[in-house]
Every structure is written in structure tokens, then in C-alpha cells.
Amino acid sequence: MCRTRRSRRFLFAAVSAVLVIGVSGCEIEEESPVPKESQIVGLWKNPGGDWIDFDKDGTGTLSAGAQLQLNSLVKKSETKEVCEYSWGVDTVPAGGGKWVSLTFQEEQCGSLGSSGLYYYWDPSGELVLANSVESPKVEEIYARSNATP
């Protein structure tokens, strides 16, 4: 009987050690700080020259190329040279994370209804915006620009 108790104690100790080591070895993923709306206001461009402009009053405009990137179902014939929208830092409808939501009036910009851009802090600490959740392509990343659209 003593041997059984020792085996159980050893098994309990071994399982506890594995759990403690396994849990302490896991990295806790830090959540990126949510940008303030004042950090979003301004002109953003991607390497291909597409642009998105966020105004202080919660409205903005974007180029035809940006319209195509926001929704792959939009046909080029549905885009406008410049499309207007309203925006805000909001919760992603399907995931619970935060993003910069864009809302378009019905039929104003083809089939764009509502969409959004995820925000990232690049290694240098600069805020960037992209349509893709994971591993955005270089041409999909929008950085702050000092130019005008």
C-alpha cells in the first residue's frame, strides 16, 4: 500500500511540475494599445499610391484602389475616383478585437457597406493600418503621409 501512495504522489508531483513549467514557459501575448482617434486623423498611403484620408469630424475619403483593397468583391467598375465614408475606432464585428471601422452609405461606393482596417505598431513604433488580419502584404499596408490626396 505504501508503494501505491508513493506512486500517486510521484505522479501528482510530476503532473504538477509539467503544468507549472509549461504554463510559465508560455508567452503572454500583449495586446497592442488602442490608438486614439487623433492618431488616426490624417492622410494614409500604401506603396502603390492608394490613399485613405481620415478627418477629425469622423468622416473621410478614399481612392478607388483603396476601395478595391477593402472588399475583394467590389468590381473596378463600381469604384469612384473618391469615395466618402464615416469612421471610428470600434470593435471588429466578428472577432471582438479593435479596428478602424469604415461605414459607407448604401450604394455610394458600389457594394461597400461597412469595412475596416486593422491597426499595427511596426517595429519602429509607428502606427500602420492594413486590411488583412494576419501577415498583410506590403502593398496593403497604409502608413501616415505628409502629402495631400
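Rules of the game
Residues numbered from 1 in each chain as written. Predicted model: local features only at pLDDT ≥ 70, side-chain atom pairs only at ≥ 80, totals over all residues. Heavy atoms only, no water. Phe/Tyr/Trp six-rings, centres within 6.5 Å; stacked < 30°, edge-to-face > 60°. Helix = DSSP H or I, 4+ residues; strand = E, 2+ residues; numbered from the N terminus. Buried < 20%, exposed > 50% of the residue type's maximum accessible area, 1.4 Å probe, protein only. Pairing = 2+ DSSP bridges. Axes fitted to C-alpha atoms, helices over the stretch in contact; angles between N-to-C directions.

Trainee: So what about the packing of aromatic side chains? Which residues, and what values?
Mentor: Within the structure shown, the criterion is met by four aromatic pairs. Between Phe-54 and Tyr-85 the ring centres are 5.9 Å apart and the planes differ by 75 degrees, which places this aromatic pair in the edge-to-face class. Note that Phe-54 is positioned in strand 2 (residues 51-54) and Tyr-85 in strand 4 (residues 82-91), a separation of 31 residues in sequence. A relative accessible area of 1% means that Phe-54 is categorised as buried.

Trainee: Which residues make up the sheet that holds strand 5 (residues 98-103), and what are the values?
Mentor: Two pairing modes exist for strands in a sheet, parallel and antiparallel, and in both the strands are linked by backbone hydrogen bonds. Ordered in space as 1-2-3-4-5-6-7-8, the eight strands form a closed barrel in which the pairing is antiparallel. Across this sheet, the average inter-strand angle for adjacent strands is 35 degrees, counted without regard to direction. Judged from the three bridges that link them, strand 1 (residues 42-45) and strand 8 (residues 141-145) form a sheet pairing that is antiparallel. If you follow Trp-44 over to strand 8, its bridge partner there is Arg-144.

Trainee: Now, about the environment of Lys-56: what can you tell me, with residues and values included?
Mentor: Topologically, Lys-56 is positioned in the loop between strand 2 and strand 3 (59-63). For Lys-56, a relative accessible area of 76% translates into the label exposed. Between the C-alpha atom of Lys-56 and that of Ser-38, which follows or precedes it by 18 residues, the distance is 7.4 Å.

Trainee: So what about the pairing of strand 7 (residues 127-130)? Which residues, and what values?
Mentor: Residues Leu-127 and Leu-129 line one face of strand 7 and the alternating positions Val-128 and Ala-130 line the opposite face, and both faces are buried. One ladder, built from four bridges, connects strand 6 (residues 114-121) with strand 7; its direction is antiparallel. Residue pairing for strand 7: Tyr-119 is matched across the bridge by Leu-129. In sequence, strand 6 turns back onto strand 7 through a hairpin of five residues, with Gly-125 there showing a positive phi of about 95 degrees.

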